Amino acid sequence: MKLHKESKGTILVASIVFAVVAFLAVRFLEEWSLFIIIPLLVVYGLVFWFFRVPHRAILEHRKEVIAPVDGKVVMIKEVEENEFLSGKAVQVSIFMSPLNVHICRYPVSGKVVYKKYHPGKYLVAWHEKSSTENERTTVAVETEDAHKVVFRQIAGYVARRIVFYCNENDEAKAGHEFGFIKFGSRMDVFLPLDTKILCKIGDKTKGGVDVIAEMT
C-alpha cells in the first residue's frame, strides 16, 4: 500500500507510542497486556489506512467539475462568497470522515489565480459556519472559459493541519492533487450560479473520479 508523503511524521510518532506502550504493557501487565496491545494495534493500523494513496485513473476534464475529495455531499445551496468572488455562487460541500482518503484535488482545470491560508477555529466540519470561521485555505482557479471557481479546505474538530502545494499562476488539472488535510475535515466548492449540479445531498463521492457538476 502506497502512503502519502504527509504520513511520515505522524507514523513516526505513532510507531514510537505503540512501541513504548506495548513494552510497558508486556513488562507490567504480563498476560493482561493483550487487552492493551490489540486495541492499540487496531488504532495503529488505522493511521496507516488514513494515509493510503489509492490508484485513480484521472481523465482530462474541461467543463466538468470533479469531486475534489472522497466523502459525502452535505450541502448544496446558493450563498454569498465574499473572499474572492464578491457575489453569489452555488456552494457544494463534501464532508470527509477520518476513514476517507484525505487527498485534496483540483475540481476544475485552468490557472490558479488566488490562494490564501486562514488561521481559525475548529468547529465540527459539518457546521455551516466552519466555512468562514475555521482554519482553512481558499484557492481560486480561472478556467479556459473564464469561469472562476473557488474551493476551500476546512479543518474540522479533529483535523489540525492543512497543507496545500499550489501557487498562483500554477496550472490546475481537474482530479490532480493540490493538498492534504489530516484527520476529518471538509471541502467547499463555489461554482457559478448557472452551473448544472449533478450530485445531491447524501451522495458519496470519489475524489478525482466522480463528476459533481458541469459548467455551461
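Note that the structure is a prediction, hence the values are computed from the model and not measured.

As for unusual backbone geometry
With a phi close to 50°, E30 is a non-glycine residue in the positive phi region. Within the fold, E30 resides in the loop between α1 (8-29) and α2 (34-50). Not every positive phi belongs to a glycine, and S86 is a case in point at roughly 55°. Relative to the assigned elements, S86 resides in the loop between β2 (71-81) and β3 (87-96).

Some words on the nonpolar core
If you look at the biggest cluster of nonpolar residues, it comprises 29 residues, and the most contacted ones within it are Y106, F151 and F178. Taken together, the elements giving at least two residues each to this core come down to β3, β6 (136-142), β7 (148-155), β8 (162-164), β10 (177-181), β11 (185-191) and β14 (211-214). Apart from residues lying up to four places away in sequence, Y106 is in contact with V112, V141, F151, C166, E171, A172, K173, A174, G175, H176, E177 and F178. If you look at the next biggest cluster of nonpolar residues, it comprises 14 residues, including F18, I37, F51 and V101.

A look at the pairing of β10
Within β10, four of the five residues are buried, which leaves the element mostly enclosed by the surrounding structure. In the sheet, strand β4 (residues 103-105) pairs with β10 via three bridges, with the strands oriented antiparallel. When the bridges of β10 are listed, I103 appears paired with F180. Two elements, β8 and β10, share three bridges in a ladder whose sense is antiparallel. Note on β10: the bridge partner recorded for V163 is F180.

Calculation criteria
Residues numbered from 1 in each chain as written. Predicted model: local features only at pLDDT ≥ 70, side-chain atom pairs only at ≥ 80, totals over all residues. Heavy atoms only, no water. Helix = DSSP H or I, 4+ residues; strand = E, 2+ residues; numbered from the N terminus. Core = buried A, V, L, I, M, F, W, Y, C linked by side-chain atoms within 4.5 Å. Buried < 20%, exposed > 50% of the residue type's maximum accessible area, 1.4 Å probe, protein only. Contact = heavy atoms within 4.5 Å. Pairing = 2+ DSSP bridges.

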